[in-house]
Amino acid sequence: MKIAIFSDNFYPEISGISDSIILLGKELAERGHEVHFFAAKYSVKDHAVANLPYGELDLGEGIKFHRFWSLPMLGSPTKQSRVVIPSIFRFWKFRKEKFDVIYTQDPYGMGIEALWMSWMLKIPLVGTNHTPITEFTSYLPFSNKYFDKAALMANSWYYNRCKFVSAPFEGILEEMKDYGLKRDSMPLSNPIDLKNFTPASEEEKRTLKEKYGFTERTILYAGRLAPEKRVDDIIKAVAEVKKTIPDVMLAITGLGAAEDDLKKLAKDLGLENNVKFFGRVDDETHAETYKAADMFVVMSTAETQCLSMMKAMSAGIPVIGADAWALPSYIGRDEKKGFVVPVGDVKMLAEKAVLLLENPQKRAEMGKYGQAFVETYSAGKIAEKWLEIFKNT
């Protein structure tokens, strides 16, 4: 098949959407299919924010890239986001490609391009909604409840143009149906990289702890540093945990608009030696920090899955997540893979963290449950499901 994937979030921007569709594209190409990515053209500065050299990804044969001129997005939570101004005339350039299917990731600039190309060239359009949209309208200066309602209705209108719609969390689809979604739909996980995120042996964990300066009891957060991620709650909890476990460490990988505020918070709480900011890390370091950590925490209120958390499960470490959106669905409330705590409940988060950090056996048991659970979401299995969907549209 010849598959076109459109996304407003793409490399080099730090984004779970970008990571998931790149992984999916690689899996599809390995199966002999041709994948074309359509995305914004990012600037030299956008690459530099993530400490990346300016240039295109090399994903091997079978994968091609098409970059569209774009503008920087004001107030970007990653300091990298771009805005593509749609043009109905671009379809003409790609009319000879004869794509079998177009796969859209969002309803914005690139999403409109996907819709127009589908319409003009009579190519089936399928889509995934990754985002609880009202969690992000707060970034707009004119956001209010009326605007949020209009955004939800527009979102459902857009996905009604697709032949099929998925979301990594059923709650997103239910919300879309409340605002007019009529198309066939089903929840479908994003693919998880199980090849690189594996449990470490005791010896390997000790070696990696020493390499990255982790203490014997280290908490990991990996992801965008933005207000809705509520990383400040994790830092505040570490201040409480420190009262019981003085050498506790919080390792933070990722970048974002909230980084300076988070660093100031850590300093104000006297956690300069307990909270370590790694910034954007390369793929090898990213995987190794999971292996070196003892547990993973995410207190975000905007997750429709949280690939970072799923990587933690794949690496065999327990997780703690906020009782918001999809996190409880993936963690479970049976406390086999980890704990769910109320949004903003720093005290309970600290209590659960202490419980895990002081109990290696419980961490190991939860880690095994998590690893077994996440195997059902391997990149290969998800790619096969998408191929079946593509072929049936």
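Residues numbered from 1 in each chain as written. Predicted model: local features only at pLDDT ≥ 70, side-chain atom pairs only at ≥ 80, totals over all residues. Heavy atoms only, no water.

Moving on: the overall build of the protein chain. Helices and strands together make up the secondary structure of the protein chain, namely 14 helices and 15 strands. Relative to its length of 393 residues, the protein chain is compact, with a C-alpha radius of gyration of 21 Å against a globular reference of 21 Å. Across its three principal axes, the protein chain shows a C-alpha extent of roughly 65 × 45 × 40 Å. Here the protein chain holds 393 residues, and 57% of them are scored as buried. Across the protein chain, the fraction of contacts at a sequence separation of at least 24, relative to all contacts at a separation of at least 6, is 71%. With an accessible surface of roughly 17400 Å², the protein chain has 52% of that area assigned to carbon and sulfur atoms. (Helix = DSSP H or I, 4+ residues; strand = E, 2+ residues; numbered from the N terminus. Rg over C-alpha atoms; globule rule 2.2 N^0.38 Å. Buried < 20%, exposed > 50% of the residue type's maximum accessible area, 1.4 Å probe, protein only. Contact = heavy atoms within 4.5 Å. Areas by Shrake-Rupley, 256 points an atom, 1.4 Å probe, with all protein chains shown as cover.)

Moving on, we come to a negative patch on the surface. A cluster of like negative charges, contributed by Asp19, Asp282, Asp283 and Glu284, occupies part of the molecular surface. Locating Asp19 in the fold gives a position in helix 1 (residues 16-30). (Patch = residues over 30% accessible without salt bridge, like charges linked within 9 Å, V, L, I, M, F, W, Y side chains within 5 Å. Salt bridge = Lys/Arg side-chain N within 4 Å of Asp/Glu carboxyl O. Lys, Arg positive; Asp, Glu negative; His and termini not counted. Charge placed at Lys NZ, Arg CZ, Asp CG, Glu CD.)

On to unusual backbone geometry, then. Of the consecutive residues Tyr11 and Pro12, the connecting peptide bond is found in the cis state with omega at 10°. Positive phi, close to 80°, is recorded for Cys306, a residue that is not glycine. Relative to the elements of secondary structure, Cys306 occurs in the loop between strand 13 (295-298) and helix 10 (307-314). Overall, the relative accessible area of 9% leaves Cys306 in the buried class.

Let's shift gears to helix 12 (residues 346-357). Spanning 12 residues, helix 12 covers 16 Å between terminal C-alpha atoms, matching the ideal 16 Å at 1.5 Å per step. Buried residues belonging to helix 12 abut strand 10 (218-222), helix 7 (231-241), strand 13, strand 14 (319-322), strand 15 (338-341) and helix 13 (360-374). (Expected span 1.5 Å × (residues − 1).)

This part is about the sheet that holds strand 9 (residues 184-187). Read from one edge to the other, the open sheet built from 7 strands follows the order 3-2-1-6-7-8-9, with strand pairing classed as parallel. With one partner strand each, in any of the chains shown, strand 3 (63-68) and strand 9 form the two edges of the open sheet. Neighbouring strand axes in the sheet, compared pairwise and without regard to direction, differ in orientation by 20° on average. When strand 2 (residues 34-40) meets strand 3, the two strands line up parallel, connected through 6 bridges. When the bridges of strand 3 are listed, His36 appears paired with Lys64. Sheet contacts for helix 3 (residues 109-121): strand 1 (2-6), strand 2, strand 3, strand 6 (101-104) and strand 7 (125-128); angle to strand 6, the most-contacted strand, approximately 160°. (Pairing = 2+ DSSP bridges. Axes fitted to C-alpha atoms, helices over the stretch in contact; angles between N-to-C directions.)

The next point concerns the packing of helix 1 against helix 14 (residues 379-391). A pair of packed helices is characterised by two quantities: the angle between their axes and the separation of those axes. Where helix 1 meets helix 14, the closest approach of the two axes is 9 Å, and the angle between their N-to-C directions is 75°. Our classification of the angle between helix 1 and helix 14 gives roughly perpendicular. Between helix 1 and helix 14, the residues in contact are Leu23, Leu24, Glu27 and Leu28 and Ala379, Gly380, Ala383, Trp386, Leu387 and Phe390, respectively. In terms of residue class, the contact of helix 1 with helix 14 is built from 8 nonpolar, 1 polar and 1 charged. (Parallel < 35°, antiparallel > 145°, perpendicular 65-115°, else oblique. Nonpolar A, V, L, I, M, F, W, Y, C, P; charged D, E, K, R; others polar.)

A few words now on a nonpolar patch on the surface. A cluster of nonpolar side chains, contributed by Trp69, Leu71, Met73, Val83 and Ile85, occupies part of the molecular surface with about 440 Å² of accessible area. Structurally, Val83 can be placed in strand 5 (residues 82-84). Look at Val83 and you get partly exposed, because its relative accessible area is 32%.

This brings us to the sheet that holds strand 10. Either a parallel or an antiparallel arrangement is found when strands of a sheet pair, and the pairing is made through backbone hydrogen bonds. If you walk across this open sheet you meet the 6 strands as 12-11-10-13-14-15, and the pairing is parallel. Each end of this open sheet is capped by a strand with a single partner; those strands are strand 12 (275-279) and strand 15. Here the average twist between neighbouring strands, direction ignored, is 20°. The sheet contacts of helix 12 involve strand 10, strand 13, strand 14 and strand 15, and relative to strand 15 the element is tilted by about 170°.

It is worth spelling out the packing of aromatic side chains at this point. Within the structure shown, the criterion is met by 23 aromatic pairs. The interplanar angle of 0° and the centroid separation of 4.2 Å between the aromatic rings of Phe6 and Phe38 together place this pair among those described as stacked. With Phe6 in strand 1 and Phe38 in strand 2, this residue pair connects regions lying 32 residues apart in the sequence. Under the relative-accessibility criterion, Phe6 is labelled buried at 0%. On the basis of relative accessibility, which here comes to 1%, the residue Phe38 falls in the buried class. Taken together, Phe6, Phe38, Phe68, Phe94 and Phe99 form an aromatic cluster joined through their ring pairs. (Phe/Tyr/Trp six-rings, centres within 6.5 Å; stacked < 30°, edge-to-face > 60°.)

To continue, consider helix 13. If you check helix 13, its first and last C-alpha atoms are 21 Å apart, about what 15 residues at 1.5 Å a residue would give, namely 21 Å. Residues of helix 13 that are buried include every one of Arg363, Met366, Gly367, Gly370 and Val374, and no others. When helix 13 is viewed along its axis, its buried side chains cluster within an angular range of 110° and face the same direction. Across helix 13 from its buried face, at more than 90 degrees, point the exposed residues Gln361 and Lys368. Tucked inside the fold, the buried residues of helix 13 contact helix 10, strand 15 and helix 12. (Arc of directions from axis to C-beta.)

Residues Phe38, Ile219, Leu250, Phe296, Met309 and Ile320 are the most contacted members of the largest nonpolar core, which totals 93 residues. Discounting residues that sit within four places of it in the chain, Phe296 has contacts with Leu220, Tyr221, Ala222, Tyr290, Ser308, Met309, Ala312, Ile317, Pro318, Val319 and Ile320. Judged by nonpolar contacts, the second largest core, of 27 residues, contains Tyr11, Leu24, Val101 and Phe390. (Core = buried A, V, L, I, M, F, W, Y, C linked by side-chain atoms within 4.5 Å.)

Everything listed is a geometric property; what it means functionally is a separate question.
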